[in-house]
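Here is what each chain is made of, one letter per residue.
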Amino acid sequence: MLVNTKAKVGVFSIALGAYLPQFPSLVPEFEAQYEAFKKTIPDTVEIIDGGMVTTKEQSMEAGDKFRAADVDLVFLQMLTYATSYNMLPAIRDLDVPVVLVNVQKLKALDYDHTDIAAWLGEGYACGAVGEAVADLERAGKRHAVITGVVEGGDPAVQAEIEDWCKAAQVRRRFRDTNIAQIGRPYPGMMDLYIDETNLYNRMFLYTKQFDWEKMWAIADDITDEEAIRAKAQDILDTFDIEGGGTIEKVWDMAKYVVAFEKWVKDEHLSMVASHYDGFAQGKAGVLDSMLIPAFSMLIKQGTACAVEGDMKVAMAMSILKTISGTGQLSEMYSIDFNDDICIIGHSGSGDADISDKKPTMKIVPVFHGKTGGGYLTQFYPYTGPVTYLAITQDGDGHFKFVVAEGVNEDGPILSFGDTNMRTRFTCGAREFVNRWSEAGPTHHMAAATGRHIDTILKVAKIFNIPVDIVTR
């Protein structure tokens with residue numbers, strides 16, 4: 001990844017302080033359970049440890065740590081019964097979800113040989129969950145519950161924890177990095193237009209504006225021939241180039257990719273949205289002709305790059321790339337009524353990680369609907385489950401996710417240089433287009449291999465925005 005960010009996750013556990021002097025064996029028991037729980041949290045996030053809380057004062061100390069770290073999410077381990085004063089002081093000043101982890105130590109108690117201490121220590125986590133949620137509701141806090149068992153392992157619990165950490169990573173990426181807007185959106189595509197201040201206030205994402213004059217000169221100072229040669233080979237390894245590819249043929253492209261990589265790091269960018277509508281002559285024409293594959297090389301490294309100046313789809317691509325490893329620019333392309341299939345794809349930069357064979361690069365004399373001509377890239381998305389995510393806004397500027405899951409199938413696709421895939425939806429192609437369009441998703445959406453709606457719902461809860469699920 002060109003820009004690395006690590007989510008910050010607050011973690012604490014609670015138990016009723018009144019139990020501990022009554023049953024001293026609970027102290028080492030709970031300490032061991034808490035240490036074991038922390039080890040289930042993946043190292044892709046930074047743990048902000050609030051400790052084991054049994055008093056209001058300890059809860060306040062945990063809250064101080066969480067606020068100071070600006071945590072993206074909080075995991076609360078329910079060790080046994082505990083009242084809400086153990087929980088609320090730690091989270092009352094936070095605006096992130098609290099995930100109540102109700103994981104019982106034993107699959108079942110030995111009914112004939114369990115005393116009160118063993119019951120409280122190994123089989124009573126569930127007793128406090130309902131009232132904790134009731135108080136989170138009254139405090140206006142977002143919440144979720146994970147229930148499971150430690151004994152024998154619980155893959156469902158582990159998957160939920162890891163999904164929440166992926167969702168937290170999206171918040172941290174939006175909060176710590178920037179989105180670049182080069183030029184402006186495609187003229188007249190008013191669904192793409194965006195208020196950058198509103199974007200920052202609602203989604204934490206800061207916009208850096210760049211003029212094309214600056215981008216044309218971005219490679220002027222790149223003189224390291226070894227780095228350019230290595231990047232040229234990377235391009236050849238990534239794409240099959242129509243008519244054959246050589247180091248010399250992609251040298252200028254490689255030079256710009258090296259420059260773009262430095263730019264991304266220097267400006268701390270995780271997303272780029274660009275559109276050029278000039279005369280495409282001189283340096284402008286050189287850069288414009290190779291922009292699609294150059295940005296595809298950035299996407300491969302985790303920086304979402306969207307054409308037509310669509311910042312919202314760049315965000316969607318970044319979300320899917322973060323949670324799934326793939327994030328492909330897409331739009332509704334055509335309908336195959338014979339096979340009841342939607343043809344979905346796009347002309348422009350794409351994600352090599354979504355392609356199950358080497359993507360191709362070809363030169364076209366004109367970019368349809370745009371200035372100039374040059375290189376197109378075509379990717380060949382995997383068959384099997386696929387998830388689509390669009391980000392849109394209502395009349396008051398509030399953001400909304402629109403999501404759908406389908407299945408990509410083998411079959412004929414268009415071959416003039418644009419990525420396209422054949423997606424079947426459970427509701428049928430005609431009904432899908434109706435439902436998707438009625439959700440008002442904007443022109444573009446992002447695509448990812450696999451089924452990811454459940455993780456996207458967690459991302460939405462972290463950002464506190466609604467989700468329209470079109471089909472699963």
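Every residue gets a number counted from 1 within its own chain, in the order that chain's sequence is written. In keeping with the model being predicted, local features are shown solely for residues with a pLDDT of at least 70 and side-chain atom pairs are shown and tallied solely at 80 or more, while totals for entire chains, interfaces and linings include all residues. Side-chain calculation: all heavy atoms of the structure are included, whereas hydrogens and water are not.

Looking up the chain in an unreviewed UniProt entry gives the name L-arabinose isomerase, with the organism given as Blautia obeum A2-162.

A. Region of the structure containing the packing of aromatic side chains. Pairing of aromatic side chains requires ring centres within 6.5 Å, counting the rings of Phe and Tyr and the six-membered ring of Trp. Pairs whose planes differ by under 30 degrees are stacked, by over 60 edge-to-face, and all others tilted. Under the defined criterion, the tally for this structure stands at 17 aromatic pairs. When the centroid spacing of 3.6 Å and the interplanar angle of 5° are considered together, the rings of F425 and F432 count as stacked. Exposure categories follow from relative accessible area, calculated using a 1.4 Å probe and restricted to protein chains: below 20% of the type maximum is buried, above 50% is exposed, and the middle band is partly exposed. Look at F432 and you get buried, because its relative accessible area is 0%. An aromatic cluster of at least three residues, connected via ring pairs, comprises F210, Y256, F260, W263 and F295. The positively charged end of R171 is found above the aromatic ring belonging to F204, 5.0 Å away from the centroid. Over a ring means this: the NZ of a Lys or the CZ of an Arg is within 6 Å of the ring centre and within 35 degrees of the ring normal.

B. Spotlight on the sheet that holds strand β13 (residues 360-364). Paired strands, as defined in this entry, are two strands with at least two bridges between them according to DSSP. The numbering of helices and of strands both runs from the N terminus, where a helix is a DSSP run of H or I of at least 4 residues and a strand a run of E of at least 2. Reading across from one edge, β8-β13-β14 is the order of the three strands in this open sheet, with mixed pairing throughout. The strands lining the two open edges of the sheet, one partner per strand, are β8 (240-241) and β14 (374-378). Two elements, β13 and β14, share five bridges in a ladder whose sense is antiparallel. Within the sheet, the bridge partner assigned to T360 lies in β14 and is Q378. Running at roughly 35° to β14, helix α12 (residues 282-300) makes contact with β13 and β14 of the sheet. Residues are treated as being in contact if the distance between any of their heavy atoms lies within 4.5 Å. A fitted line through C-alpha atoms represents every axis, and for helices the fit uses only the stretch in contact; the resulting angles, taken between N-to-C directions, go from 0 to 180 degrees.

C. The environment of I218, seen in detail. Inspection of the secondary structure assignment puts I218 in the loop between α9 (212-216) and α10 (225-238). Not counting residues within four places of it along the chain, the set of residues in contact with I218 comprises Y256, A259, F260 and W263.

D. Summary view of the sheet that holds strand β3 (residues 73-78). Taken in spatial order, the five strands line up as β2-β1-β3-β4-β5 in an open sheet, and their pairing is parallel. A single partner strand is all that each edge strand has here, and the edge strands are β2 (45-53) and β5 (143-149). Put simply, the sheet's adjacent strands are angled 20° from each other on average, direction ignored. Looking at chain direction, strand β1 (residues 7-14) and β2 are connected through eight bridges and run parallel. Following the sheet pairing, V9 is matched in β2 by I47. Strand contacts of helix α2 (residues 26-38): β1, β2, β3 and β4 (98-104), with the helix running at about 170° to β2, the strand carrying the most contacts. Relative to β4, helix α6 (residues 129-138) is tilted by about 175°, and along the sheet it contacts β3, β4 and β5.

E. Up close: the pattern of salt bridges. A pairing counts as a salt bridge when a side-chain nitrogen of Lys or Arg comes within 4 Å of a carboxyl oxygen of Asp or Glu. Counted by the stated rule, this structure contains 34 salt bridges. A salt bridge links D64 to R67, with the nearest nitrogen and oxygen atoms 2.3 Å apart. Of this pair, D64 and R67 both sit in helix α3 (residues 56-69), three residues apart, which is roughly one turn of the helix. A residue is classified by how much of its surface remains accessible, and R67, at 35% relative accessible area, is partly exposed. Note that K231 is salt-bridged to E261, the shortest N-O span being 2.7 Å. Placement of K231 in helix α10 and of E261 in helix α11 (residues 251-267) is noted, with a sequence separation of 30 residues between them. Accessibility expressed as a relative area gives 12% for K231, which makes it buried. The structure contains a network of salt bridges with shared partners spanning D70, D72, R171, R172, R175 and D176.

F. Summary view of the domain arrangement of the chain. Annotation of the chain at the domain level lists domain 1 (8-175) and domain 2 (177-469). By convention here, the domain bounds are inherited from an automatic or database domain assignment. If you average the C-alpha positions of domain 1 and of domain 2, the two centres end up 39 Å apart. Listed by partner, the interface residues are 18 residues for domain 1 and 19 residues for domain 2. Between domain 1 and domain 2, a total of about 1800 Å² is buried, with carbon and sulfur atoms accounting for 66% of that surface. By buried area we mean how much accessible surface two parts lose on assembly, using a 1.4 Å probe and totalling the loss over both.

G. Fine view of the packing of helix α13 (residues 311-324) against helix α15 (residues 453-463). Where α13 contacts α15, the axes come no closer than 11 Å and their chain directions differ by 120°. Between α13 and α15, the angle falls in the class oblique. As for how α13 packs across α15, the hand of that crossing is right-handed. Within the contact between the two elements, α13 uses I319, L320 and I323 and α15 uses T455, I456 and V459. Classification used: nonpolar for Ala, Val, Leu, Ile, Met, Phe, Trp, Tyr, Cys and Pro, charged for Asp, Glu, Lys and Arg, polar for all others including Gly. Residues belonging to the contact of α13 with α15 are distributed by class as follows: five nonpolar, one polar and no charged. An angle below 35 degrees is read as roughly parallel, one above 145 as roughly antiparallel, one from 65 to 115 as roughly perpendicular, and any other as oblique. Should the near helix be turned anticlockwise from the far one by less than a right angle, the crossing is termed left-handed; should it be turned clockwise, right-handed.

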